[in-house]
Amino acid sequence: MKGQNKDSTFHLVTGGSGSGKSAYAEDCVSRLLADRYGEGKVCPDSNRGAEKKANAHCVTSLRCVYIATMIPYGEDGKRRVERHRRLRREKHFETIECYTGLEFLWLDTALHDTSRKEATAAGTVSGERRPETEYVVLLECMSNLVANEVFEPNGAGDGTVEAILRGIESLRRQARHLIVVTNEVFSDGVSYDAETMRYLSYLGAVNQAMAAQADMVTEVVYGIPVTVKTG
């Protein structure tokens, strides 16, 4: 792939609702951190205070980014999003909300803006320069992103598949490791209305294209990861 980050990896994780795919994908990120820094230690580039003490000798840091694609609706939805943000922060993730336009997402810019907002709110704005950074990106969930592009007014509409695949290509250029979680929603044998079938066809096309590009594909069944493809 032109411009792809050298030695980058792309892991596609799929599974049905409640399969454990999300927990498995987060565990994959934890293992990547453990491989880099050792068990129980975290990225020294983390902006989480005491966590900076671990492995401060590292020249290149591994920064964990969670790209959330579910649009929060109403106050309950916003509270759930904030709760999920806090939980992910405890797992050393920095969260970027991206509902449409993945191809236009630039990690450096988005994370800088998010960090400045959080630091300003906390009264801890710092001009500290980060060391050289490599990104571990977890995007969840592709099924939501496709739905947003299809049904939201500012979405890509009929150009959804192409727009999302350009976004995946862009993330692969920016990230050292990319993990994408998607949904297995094609096994129920139910016939849906035309708009839903259009959505499912786009999601299927995106999933197939990602699987062809990915270095590894894993389906999680009842909490058990089953390797479908490995590089």
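Refer to the structure above for everything that follows.
The structure reproduced in this document is the subject of the present report. Quick caveat, the model's predicted, so the values are computed rather than measured. (Residues numbered from 1 in each chain as written. Predicted model: local features only at pLDDT ≥ 70, side-chain atom pairs only at ≥ 80, totals over all residues. Heavy atoms only, no water.)

Some thoughts on the environment of Cys 64
Structurally, Cys 64 is set in strand S2 (residues 60-68). Overall, Cys 64 belongs to the buried group, its relative accessible area being 3%. With 29 residues separating them along the chain, Cys 64 and Phe 93 place their C-alpha atoms 5.0 Å apart. When near neighbours in sequence (up to four residues on either side) are disregarded, Cys 64 contacts Val 29, Leu 33, His 92, Phe 93, Glu 94 and Val 136. (Helix = DSSP H or I, 4+ residues; strand = E, 2+ residues; numbered from the N terminus. Buried < 20%, exposed > 50% of the residue type's maximum accessible area, 1.4 Å probe, protein only. Contact = heavy atoms within 4.5 Å.)

Observations regarding the packing of helix H4 (residues 142-151) against helix H6 (residues 194-213)
Two numbers describe how H4 lies on H6: the axes approach to 10 Å, and their chain directions differ by 130°. The orientation of H4 relative to H6 falls into the category oblique. The handedness of the crossing between H4 and H6 is right-handed. Residues Met 142, Ser 143, Val 146, Ala 147, Val 150 and Phe 151 of H4 form the contact with H6, whose participating residues are Glu 195, Arg 198, Tyr 199, Tyr 202, Leu 203, Val 206, Asn 207 and Met 210. (Axes fitted to C-alpha atoms, helices over the stretch in contact; angles between N-to-C directions. Parallel < 35°, antiparallel > 145°, perpendicular 65-115°, else oblique. Left-handed = near helix turned anticlockwise from the far one by under 90°.)

Some points on the packing of H4 against helix H5 (residues 160-174)
At a minimum axis separation of 10 Å, H4 and H5 run at an interaxial angle of 135°. As summarised for this structure, H4 and H5 are arranged oblique, according to the angle between their axes. Of the two possible hands of crossing, H4 and H5 adopt the one that is right-handed. On H5, the residues touching Met 142, Leu 145, Val 146, Glu 149 and Val 150 of H4 are Thr 160, Ile 164 and Ile 168.

Section: a nonpolar patch on the surface
A contiguous nonpolar surface patch, about 430 Å² in accessible area, is contributed by Val 221, Tyr 222, Ile 224 and Val 226. Looking at where Val 226 falls in the secondary structure, it is placed in strand S7 (residues 224-230). (Patch = residues over 30% accessible without salt bridge, like charges linked within 9 Å, V, L, I, M, F, W, Y side chains within 5 Å. Areas by Shrake-Rupley, 256 points an atom, 1.4 Å probe, with all protein chains shown as cover. Salt bridge = Lys/Arg side-chain N within 4 Å of Asp/Glu carboxyl O.)

What to know about the environment of Arg 63
Tracing the backbone through its elements, the reader meets Arg 63 in strand S2. For Arg 63, a relative accessible area of 7% gives the class buried.

Quick notes on the environment of Cys 141
Mapped onto the secondary structure, Cys 141 falls in the loop between strand S4 (132-140) and H4. On the basis of relative accessible area, Cys 141 is assigned to the buried category, the value being 6%. Put simply, Cys 141 and Val 13 are 128 residues apart on the chain and 9.9 Å apart in space, counted from C-alpha to C-alpha.

The values are spatial; any link to function lies outside them.
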